[in-house]
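# Observations on chain architecture
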Amino acid sequence: MVSLQPADINPSSIVDRSPNQQILPLSAKVSDGGQLEVGGCSVVELVKQYGSPLYIVDEQTVRAACQQYDQAFKNFYPGPSQVLYASKAWSCMAICALVTSENLGLDVVSGGELYTALQAGVDPNNIYFHGNNKSIAELEMALASGCTIVADNWLELEQLVALEKAQESQGTAPRVMLRITPGIECHTHEYIRTGHLDSKFGFDPNQIDQVLNFAQNNPQLDWVGFHAHIGSQIFELQPHQDLTSVVVSWLTMAHSRNLSMTELNIGGGLGMRYVESDDPPSITQWSEVVCQGIVQACQAAQIPLPKLLCEPGRSLIGPACITAYTVGAHKSIPDIRTYLTVDGGMSDNPRPITYQSVYSAAIANRMETAATEVVTVAGKHCESGDVLLKDIALPASQPQDVLVVMGTGAYNYSMASNYNRLPRPAAVLVRDGEANPILKRETYSDLIRQDCLPRYLEQSVADEHNGNQTG
Ligand SMILES: *Cc1c(COP(=O)(O)O)cnc(C)c1O
């Protein structure tokens, strides 16, 4: 069950609470009558107006997370720093524009995410392009935009050199960072672990000498520094502390060769609280450990402080969003379980079926009603595994009630699909009692927008149609 203490929620304490340690968005309140409000808007009213499923994003939570990262890096790191938002967690124009308005940069991992960021008006000087298999077209797009490219492998380095030559470089040398596998283990799901040696991402650390040789032999590119990312939903501080000395050791190698590299990006990965038992460090605690680790390692190695970058995704956007669904059928199987069905599922939140992720939920119109039943919240997809929450205690609910799942800002919309041809949900950004759409709900005609009918099939459909009419 979610513990909600409306008394604790007052504007002065909001900025002090680390969003990634909260299950509900910071502005969440329960009004008289047990109605859940976010950003001053009633969740039930939002569903009446925009339909369901609906992603509801609390602007205050996003801004607080951005500010806490930014402030912590300014407070704990004496050198230059820049916080980037890992836009793959939720890439759309409004989210890109929102985090950018808080002075964050952005990382992108595809041409599509780069395009979205550029369309949202993000300055390419603050965009970092990752990816372990960028296409030639993506590299060309990245070079043309002037963003920083985080090179992942040998093929990419060779392609970059060739493309730079072909373009006869329009003045400034392309900025390139090198992603190296740090060889750090951390306890998180296998699919979201990226830093151990057996990873598809980044150069093998045993090849760092050859990579630096390559950089020295190609001074036409601007080799700005190193990048590493160890994984996601990490609750321990130790792996990130260990990472700081590893990345500084790479920088020290570059310095000993007189290669001027001045930036280190230590990735993202800080976890967030999905259920009560999750206990992640705060944004400030994580930042302090990372900043102090880099400072100490640089002092020990006697090298100047680099510009320090980090790129949180989940901890920054995850806690800001709840997904509202309309409750449908109950199915009670005596002595086994009760299924409560909602009007979305794995298409708007593929994390439970993909990673066995757990979430918290509540009935938005019964926030003050005691939980009296244990139910399994199932989606509407043709897949038995389409279950959003297993065995969760909720108040007794009725069809048309509004069920909310918390902490759905990260890797929900960005991984959403049209499975079973469900139109993807709308999203609204809420603040001060006002809701602004940031994604329109897809329509049925959106679903067939890219469909093509070969001529001869078009004919048979028409025939069938005629047949149906006459028959
Ligand atoms: C996914 C990813 C991130 C963000 O990870 P979170 O766990 O969402 O903070 C940052 N950097 C890279 C390279 C990533 O792949």
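Residues numbered from 1 in each chain as written. Predicted model: local features only at pLDDT ≥ 70, side-chain atom pairs only at ≥ 80, totals over all residues. Heavy atoms only, no water.

## Regarding the environment of A97
Mapped onto the fold, A97 is located in helix α4 (residues 93-101). The class of A97 is partly exposed, set by a relative accessible area of 33%. Note: C-alpha distance between A97 and L118 (21 residues apart in sequence) is 9.8 Å. (Helix = DSSP H or I, 4+ residues; strand = E, 2+ residues; numbered from the N terminus. Buried < 20%, exposed > 50% of the residue type's maximum accessible area, 1.4 Å probe, protein only.)

## Here's the deal with the site of the ligand
As a structural note, the neighbourhood of the ligand is formed by 15 residues, with K88, S232, E311, R314 and Y411 the closest of them. Separating an oxygen atom of the ligand from a backbone N or O atom of G269 is a distance of 2.9 Å. Within the side chain of Y411, a nitrogen or oxygen atom sits 2.5 Å from an oxygen atom of the ligand. Of the residues assigned to the shell around the ligand, the class counts are three nonpolar, seven polar and five charged. (Near = heavy atom within 4 Å. Polar contact = N/O pair within 3.5 Å; in protein donor to acceptor, adjacent residues only side chain to side chain. Nonpolar A, V, L, I, M, F, W, Y, C, P; charged D, E, K, R; others polar.)

## Quick look at the sheet that holds strand β2 (residues 35-38)
Taken in spatial order, the three strands line up as β1-β2-β3 in an open sheet, and their pairing is antiparallel. Either end of the sheet is taken by a strand with one partner, and the two such strands are β1 (29-31) and β3 (41-42). For β1 and β2, the ladder comprises three bridges, and the chain directions are antiparallel. From the neighbouring strand, K29 faces β2, where its bridge partner is E37. (Pairing = 2+ DSSP bridges.)

## Comments concerning the packing of aromatic side chains
Per the counting criterion, the structure on display carries 10 aromatic pairs. Arranged with centres 5.6 Å apart and planes meeting at 35 degrees, the rings of W90 and Y413 form a pair that is tilted. Residue W90 is located in the loop between β5 (81-86) and α4, and its partner Y413 is located in the loop between β18 (402-406) and β19 (426-431); the two are separated by 323 residues in the primary sequence. Judged by relative accessible area, Y413 falls into the buried class, the value being 17%. Judged by centre distance (5.1 Å) and plane angle (75 degrees), the ring pair of Y274 and Y359 falls under edge-to-face. Here Y274 is found in the loop between β11 (263-265) and α10 (283-301), whereas its partner Y359 is found in the loop between α12 (351-355) and β15 (361-363), with 85 residues between them in sequence. Each member of the pair Y274 and Y359 is classed as buried. Among the aromatic residues, those joined into a cluster by ring pairs are W154, F203, F214 and W223. (Phe/Tyr/Trp six-rings, centres within 6.5 Å; stacked < 30°, edge-to-face > 60°.)

## Comments concerning the packing of helix α6 (residues 136-145) against helix α7 (residues 154-167)
In the contact formed by α6 and α7, the axes pass within 10 Å of each other and the chain directions differ by 55 degrees. Compared by their axis directions, α6 and α7 come out oblique. Where α6 crosses over α7, the handedness of that crossing is right-handed. On the side of α6, the interface is formed by I136, L139, E140 and L143, while α7 contributes E156, Q159, L160, L163 and Q167. Here the contact of α6 with α7 is composed, by residue class, of five nonpolar, two polar and two charged. (Axes fitted to C-alpha atoms, helices over the stretch in contact; angles between N-to-C directions. Parallel < 35°, antiparallel > 145°, perpendicular 65-115°, else oblique. Left-handed = near helix turned anticlockwise from the far one by under 90°. Contact = heavy atoms within 4.5 Å.)

## Re the sheet that holds strand β12 (residues 307-310)
Sheet architecture is closed into a barrel: eight strands sit in the order β5-β6-β7-β8-β9-β10-β11-β12, paired in parallel fashion. Averaged over all pairs of adjacent strands, the angle between their axes in this sheet comes to 30 degrees, without regard to strand direction. Summarising the sheet, strand β10 (residues 222-227) and β11 pair through three bridges and their orientation is parallel. Each bridged residue has a counterpart across the sheet, and for H227 the counterpart in β11 is N265.

## Things to note about the domain arrangement of the chain
With domains assigned, the chain is organised as domain 1 (6-56 + 321-447) and domain 2 (60-317). One C-alpha centre belongs to domain 1, the other to domain 2, and the line joining them spans 32 Å. Between domain 1 and domain 2, the residue contacts involve 32 residues of the former and 31 residues of the latter. At the boundary of domain 1 with domain 2, total buried surface from both sides reaches about 2,700 Å², with 60% on carbon and sulfur atoms. The largest contributions to the domain 1 side of the interface with domain 2 come from N20, Q21 and Y411, which together make up 24% of the buried area. Here domain 1 and domain 2 share zero salt bridges between them. Our enumeration of links across domain 1 and domain 2 arrives at 12 residue pairs in polar contact (both at pLDDT 80 or more). Contributions of two or more residues to the side of domain 1 that touches domain 2 are made by α12, β19 and β20 (434-439). The leading source of residues in the side of domain 1 that touches domain 2 is α12, at three residues. Per-class residue counts for the side of domain 1 that touches domain 2 are 18 nonpolar, 11 polar and three charged. (Domains from an automatic or database assignment. Buried area = accessible area lost by both parts, 1.4 Å probe. Salt bridge = Lys/Arg side-chain N within 4 Å of Asp/Glu carboxyl O.)

## Examining the pairing of β2
Here β2 shows a buried face lined by L36 and V38 and an unburied face lined by Q35 and E37. Linkage of β1 to β2, two consecutive antiparallel strands, is achieved through a turn of three residues, within which G33 is found at a positive phi near 90 degrees. As judged from the two bridges shared by β2 and β3, these two strands associate in the antiparallel manner. Note on β3: the bridge partner recorded for V38 is C41. The hairpin formed by β2 and β3 contains two residues between the paired strands, and G39 there has a positive phi angle of roughly 60 degrees.

## Quick word on the nonpolar core
If you look at the biggest cluster of nonpolar residues, it comprises 86 residues, and the most contacted ones within it are Y85, W90, L178 and F226. Here the element with the most residues in this core is α10; it accounts for eight residues. The residues that make up this core include at least three from each of domain 1 (6-56 + 321-447) and domain 2 (60-317). Those residues in contact with W90 that lie beyond four places of it in its chain are Y55, V57, Y85, I95, I317, C321, G409, Y413, S414, A427, I438 and L439. (Core = buried A, V, L, I, M, F, W, Y, C linked by side-chain atoms within 4.5 Å.)

## Details of the pattern of salt bridges
Applying the stated criterion across every chain yields a total of 15 salt bridges. The structure contains a network of salt bridges with shared partners spanning E59, R63, E102 and R431.

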